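Take a look at the letters that make up each chain.
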Amino acid sequence: MIALKNELIKLFSKKKYIVFLIIALAIVLVRFLGTIIIGGMAHWALNNGFELGKGMASVYDMVSFNVRVFTPFMVFLAVSDLFPSEIQEDTIKSVLSQPITRGRVLAVKSVAVLIIGCICYFSLYLMCLFMQLISGGGFNNAFTVFLAYVIDLIPLMGVVIMSVCISLMLKGPALSLLVSVIVYLALTYLSYYNGTVGSFMFTSYLEWHKLLLGSTVPFYVIVSKTGIVAGSILILYSISYIIFDKMDF
Amino acid sequence: MAEIVRINAVKKLYKNNRGIKDITISVNKGDVLGLLGPNGSGKTTIMKLLCGLIRKNSGELTLFGLDAEDNFERVMKSVGSLIEAPAIYKKLSAIDNLMLVARMHGVDKEKALETLKTVGLLPYANDHAERFSLGMKQRLGLSMALVGNPELVILDEPVNGLDIEGVVGVREIIEEQNKKGTTFIISSHIASELEKVCNRVAVLYDGEVAAEDTVSDIERKYPSLEEYFLEQIKQKRGALL
């Protein structure tokens, strides 16, 4: 827990996470204001009187943006700060020469990145919920969407470990960030174009929430794929551990 | 005297075939061992091995009587280190940097502030480390090595970038801690500095121990540690030619 606290202190000392979070929240705000205003105008056109709230914002609207775009980007950023950046700046020495094994260092840093992912998920969720409330939608679907985010944390672990693995193979934070984004995009689009290959990729399951939100993916299929996601995470984590354990600093 | 460090026939070669070839050194409790050697002789490699920053190829490495790799967490609770440039997070203040290490050793903020006072950085405790001069960073690095009350302190070029006052300050800290029973392993290019604080010196050359002696013996036989060092290097070079 102490080591985890240290990693989080290091991450939050960098203002860019707050800046990106504010930008994402601003995107949510603009999107919902747009919905509210356009809906209101449509209603005005019909009834000849503007009435705010007739274009209702929904807590579900921004889930895909959050799960597919924003949070993975923040995760890649955090990984590049905690691994290649520390290696390049030599600050990793102060972690590795403490009474903590490399295995634990790897685990703690990965969990710190996952916490950043959680913060992103739930900050945007709360913002969306707030917008839904002020647009008159009440708490409709609030709990369901919350559960959807919780479920999406499982494949997000895969994204974190994939990025950790990539960052340990490359030198430099910028390269690590770039390659993580490229690999993530490649895996995502591969699952769109080739269903067979895609079914083995954890990135295909980043939108597990759809199962709770009444979309096309049946529940039993998702359950059966849990093993694939867990297996991917385990393999990538093992590779990361082997590389990290053998590294000279 | 209890043996704190035992490096037995340890070999660590990097990809470029440099490193240490076959080193055997032991350090007893209360010793201040100086590692002296030209660039690339293996001083930093030994220190990194002791801190777990690199892995040995072969040999035996024990700290406090325990295998250093198998009991890493246990032995590192009693080790403080400053290897090469101090590992400092620029975006954090001096005290926040120090607390990253202090927390790992179960040390509270009050004690951490005391350590900052010892190295003369208390007035800058809340300043961001990115604004620090090289000497101030070095002193912060030294405080990070000392904050956990370690039994063994490993210092690689501790007076790098320090002004005369800073150099004297570091020497006083080492002497004071050593009186309390702390063991030191120190490397430096400055022979005169090692002569003032060390009780034993090992001269490294080309990844091997060229000579090892107590400072009192060296002072009896040679005009200075510098002369001793140059003589050992000359002999080693001659033997290799």
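The rules we used
- Residues numbered from 1 in each chain as written.
- Chains lettered and ligands numbered in written order.
- Predicted model: local features only at pLDDT ≥ 70, side-chain atom pairs only at ≥ 80, totals over all residues.
- Pairing = 2+ DSSP bridges.
- Helix = DSSP H or I, 4+ residues; strand = E, 2+ residues; numbered from the N terminus.
- Axes fitted to C-alpha atoms, helices over the stretch in contact; angles between N-to-C directions.
- Contact = placed C-beta atoms within 7 Å.

Peer 1: I'd like a description of the pairing of strand E1 (residues 3–13) of chain B, backed by residues and values.
Peer 2: Residue and element names in this part refer to chain B. Pairing between E1 and strand E2 (residues 19–28): 7 bridges, direction antiparallel. Residue Glu 3 lies in a different strand from E2, and its bridge partner there is Asn 28. Connecting E1 to the antiparallel partner E2 that follows it, the hairpin turn spans 5 residues, and Asn 17 within it adopts a positive phi of roughly 70°. Two elements, E1 and strand E4 (residues 58–63), share 5 bridges in a ladder whose sense is antiparallel. Bridge assignment links Val 5 to a residue of E4, and that residue is Leu 63.

Peer 1: Can you break down the sheet that holds strand E6 (residues 79–82) of chain B residue by residue, with the values?
Peer 2: All names here are of chain B. A sheet is described by the order of its strands in space; here 6 strands give the open sequence E6-E7-E8-E3-E9-E10, paired in mixed fashion. Both edges of this open sheet fall to E6 and strand E10 (208–214), since each of them pairs with a single strand only. Geometrically, the sheet is characterised by an average inter-axis angle of 15° between neighbouring strands, direction not taken into account. Two elements, strand E9 (residues 200–205) and E10, share 6 bridges in a ladder whose sense is antiparallel. Each residue of the ladder has a partner; that of Ala 202, found in E10, is Glu 212. Where helix H1 (residues 43–51) meets the sheet, it contacts strand E3 (32–36), E6, strand E7 (152–156), strand E8 (183–187) and E9, and its direction lies at approximately 145° from that of E7.

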